[in-house]
Amino acid sequence: MTTMVNNFNATHRSVKVSIVVTKASTRLLAAIAAGDPPTLAEISHYDGKYVKSGALVPWNSYIAKSSVVTQANMLPPVWRNGTVGSSHYRLETDLKLSEVFYNESLFAKAGISAPPQTDAQMATDAAKLKTLGVIPIGWKDSSAHILPTFLSNGGSMLKGSNSVGHSVAFDNAAGRATFSYFHNLYAAGELQFHHGTTLRADFASGKIAMIDGTSAGYAKVLIAVGGAFKVGAFVEPAGSTGIHYNLAQGLGFVLPKADTSAQRAAAWTFIQWWFGTKQQVAWAETTGYAPETRAAIAALPTSFLATHPGLKASLSAAESPHTYPRPVSDSYAEVQASLDTEFFNAVTGKQSISSALSTLQSQGNSYMSGASEL
């Protein structure tokens, strides 16, 4: 980001951008209330509390005059991310999609010629890899790495829709299929849960054959592996629907209230530049994040994609109509926390699958109706 900002400042003499790294989730609202917000802020997908409090200016009036930030140019999950109704409050900066990284050498030794495309194929491959004396799969027990499989089994993040609604729908066939699938892998000794840093370390040492992660994680995995073996990547496998679902997540730019119109115009100058094709290509090649625009995807060198399967997998998910923006509702943040807990308990056998799903359903509906525990 520092490199990108330095390049902007070198070519835009009338606007200067400075980076201040802070915990926006705890300090931005206070800064806005005090009348001293940053001109531009980068926050996570949980921007509902900012919208509710009227702390943000929507980007709509700027987008209306733009030839870059348009629905035709922006990828669908990026265009829908950070929106409330027809208002765009957050423009996604770091487009992260869930994907799986694998040790190509271990796959070859196990006789696996291509990465799995379905959950059934991944389970079959896991059994083959286990015979090598390695842990077949390492997984994060967090919502972003659970929901793609749940959606691919016919689930929905909210009852009746993946974007609107006031109740959840986990205690159903899709929930049972998802929880049971991972529970069976865990019970067979073919799956372990860890945090990202531990997963990457065990993957690099050859202890784990494949680990799940996100777009940005591919670059971190390559650093951890250090060239010891080739790292492949594939999108989250398809469940019972046969469709690969995914979630678009990551930080995004917002425009806090209280700044002057001149400052907002300066912020928009940077935003327009940021989503320019040259900048988007450079960002993708450097970080591993998928570009946010169709123009940048078209401009990515085929030679680069051929040697960076992590980015290639991300683009497959980014361009899919079955990739949804991660929910922005504050209530859904609590739903996802409950999902993490109940999923872990069910998969590891601390709680029955039926009990975990029942608890998740009850708690999720309570949170969506306004109750809170966070």
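Provided above is the structure to which this section pertains.
Residues numbered from 1 in each chain as written. Predicted model: local features only at pLDDT ≥ 70, side-chain atom pairs only at ≥ 80, totals over all residues. Heavy atoms only, no water.

Moving on, we get to the overall build of the protein. Each helix and strand counted, the protein has 18 helices and 13 strands in total. The principal-axis extents of the C-alpha atoms in the protein amount to approximately 65 × 50 × 35 Å. For the protein, the residues scored as buried account for 53% of the 374 residues in total. Considering only contacts in the protein between residues 6 or more positions apart, those separated by 24 or more positions represent 75%. In the structure as shown, the protein presents an accessible area of about 15700 Å², 54% of it carried by carbon and sulfur atoms. Each charge sign in the protein was given a centre, from 27 positive and 24 negative side chains, and these centres are 5 Å apart. (Helix = DSSP H or I, 4+ residues; strand = E, 2+ residues; numbered from the N terminus. Buried < 20%, exposed > 50% of the residue type's maximum accessible area, 1.4 Å probe, protein only. Contact = heavy atoms within 4.5 Å. Areas by Shrake-Rupley, 256 points an atom, 1.4 Å probe, with all protein chains shown as cover. Lys, Arg positive; Asp, Glu negative; His and termini not counted. Charge placed at Lys NZ, Arg CZ, Asp CG, Glu CD.)

All right, on to the sheet that holds strand 10 (residues 231–235) then. With respect to topology, five strands assemble into an open sheet ordered 8-7-9-6-10, the strand pairing being mixed. The open sheet terminates on both sides in strands that have one partner only, identified here as strand 8 (191–193) and strand 10. Averaged over all pairs of adjacent strands, the angle between their axes in this sheet comes to 25°, without regard to strand direction. Two strands pair when backbone bridges link them, and strand 6 (residues 98–103) and strand 9 (residues 208–214) are joined in this way by five bridges, in the antiparallel orientation. What sits directly across from Tyr102, in strand 9, is Met210. Sitting on the sheet, helix 7 (residues 119–130) touches strand 7 (135–139), strand 9 and strand 10, and the angle it makes with strand 7 is about 130°. (Pairing = 2+ DSSP bridges. Axes fitted to C-alpha atoms, helices over the stretch in contact; angles between N-to-C directions.)

What follows deals with a nonpolar patch on the surface. Together, Met1, Ile19 and Val21 give the surface a local cluster of nonpolar side chains, amounting to about 290 Å² of exposed area. Tracing the sequence through the fold places Val21 in the loop between helix 1 (2–11) and helix 2 (24–33). Given a relative accessible area of 78%, Val21 falls into the exposed group. (Patch = residues over 30% accessible without salt bridge, like charges linked within 9 Å, V, L, I, M, F, W, Y side chains within 5 Å. Salt bridge = Lys/Arg side-chain N within 4 Å of Asp/Glu carboxyl O.)

Before going further, it helps to spend a moment on the pattern of salt bridges. Taken as a whole and judged by the stated rule, the model has one salt bridge. Its salt-bridge partner being Arg90, residue Asp47 comes within 2.9 Å of it at the nearest N-O pair. One end of the pair, Asp47, is in the loop between strand 1 (41–43) and helix 3 (48–52); the other, Arg90, is in the loop between strand 4 (87–88) and strand 5 (91–92), with 43 residues separating them in the sequence.

Attention now goes to the pairing of strand 9. Summarising burial for strand 9: seven of the seven residues are buried, a large majority. When strand 7 meets strand 9, the two strands line up parallel, connected through three bridges. The residue bridging Gly138 from the neighbouring strand is Ile211, located in strand 9.

Functional significance is not addressed by these values, which are geometric in nature.
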